[in-house]
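The primary structure of each chain is shown beneath.
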Amino acid sequence: MPITSTESIFQFDEGLIGFYDCKSFLLIEREEIAPFRWLQSTDRADIGFLVIDPSLVVTDYKTVIPSREWESLGLGNPEAGVVLVTCMVGAENAQSTGNLQAPILLNYQRRTGKQVILTETGLTSRHPLL
């Protein structure tokens, strides 16, 4: 069975936290790493992130993101957008975490994105994935 892959380039006007020089990222989806995806900088080959849909970890995660953040991407309806969080994979599955405090928001129609920091949610930058 062939491995399927989809790739989409997104522009981040402000870059990502700590990587403000990286404005363009390729989102790679492949069956062999699902449910994860890979977010690769097209500006710097050494910058890439394993990402996951946080709703797989926290039910209704999108509801904690203020509507103004979606609106800044041109999305009046949050359901039209995609949210991802960066992951750290531990030596054992139970040690793997996701950064639920700094999600990445994507507008697929415009191919734009931004990373936001959620300060009043009680979510952490090292939330267990399991």
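Refer to the structure printed above.
Analysis parameters
Residues numbered from 1 in each chain as written. Predicted model: local features only at pLDDT ≥ 70, side-chain atom pairs only at ≥ 80, totals over all residues. Heavy atoms only, no water. Helix = DSSP H or I, 4+ residues; strand = E, 2+ residues; numbered from the N terminus. Buried < 20%, exposed > 50% of the residue type's maximum accessible area, 1.4 Å probe, protein only. Polar contact = N/O pair within 3.5 Å; in protein donor to acceptor, adjacent residues only side chain to side chain. Core = buried A, V, L, I, M, F, W, Y, C linked by side-chain atoms within 4.5 Å. Contact = heavy atoms within 4.5 Å.

Undergrad: Is there a simple way to think about the environment of Gln-115 in this case?
TA: Mapped onto the elements, Gln-115 comes out in strand β8 (residues 112-115). Given a relative accessible area of 15%, Gln-115 falls into the buried group. Residues Gln-115 and Leu-105 lie 10 residues apart in sequence; the distance between their C-alpha atoms is 6.1 Å. Looking at Gln-115, its side chain comes within polar contact range of the main-chain nitrogen of Ile-17, at 2.9 Å. Reaching out from Gln-115, the side chain makes a polar contact with the backbone oxygen of Ala-102 at a distance of 3.0 Å.

Undergrad: Just to check I follow, could you spell out the nonpolar core for this structure?
TA: The nonpolar side chains of a soluble globular protein tend to be buried, and buried together. In terms of nonpolar packing, the biggest core is built from 17 residues, with Tyr-61, Ile-65, Trp-70, Val-83, Leu-100 and Leu-105 touching the most fellow members. Elements represented by at least two residues in this core include exactly β4 (48-52) and β5 (82-88). Here this core gets three residues from one element, more than from any other, and that element is β5. Discounting chain neighbours no more than four positions away, the residues touching Ile-65 are Trp-70, Val-83, Pro-103, Leu-105 and Leu-118. Counting 13 residues, the second largest nonpolar core, distinct from the first, contains Phe-12, Leu-16, Leu-39 and Val-51.

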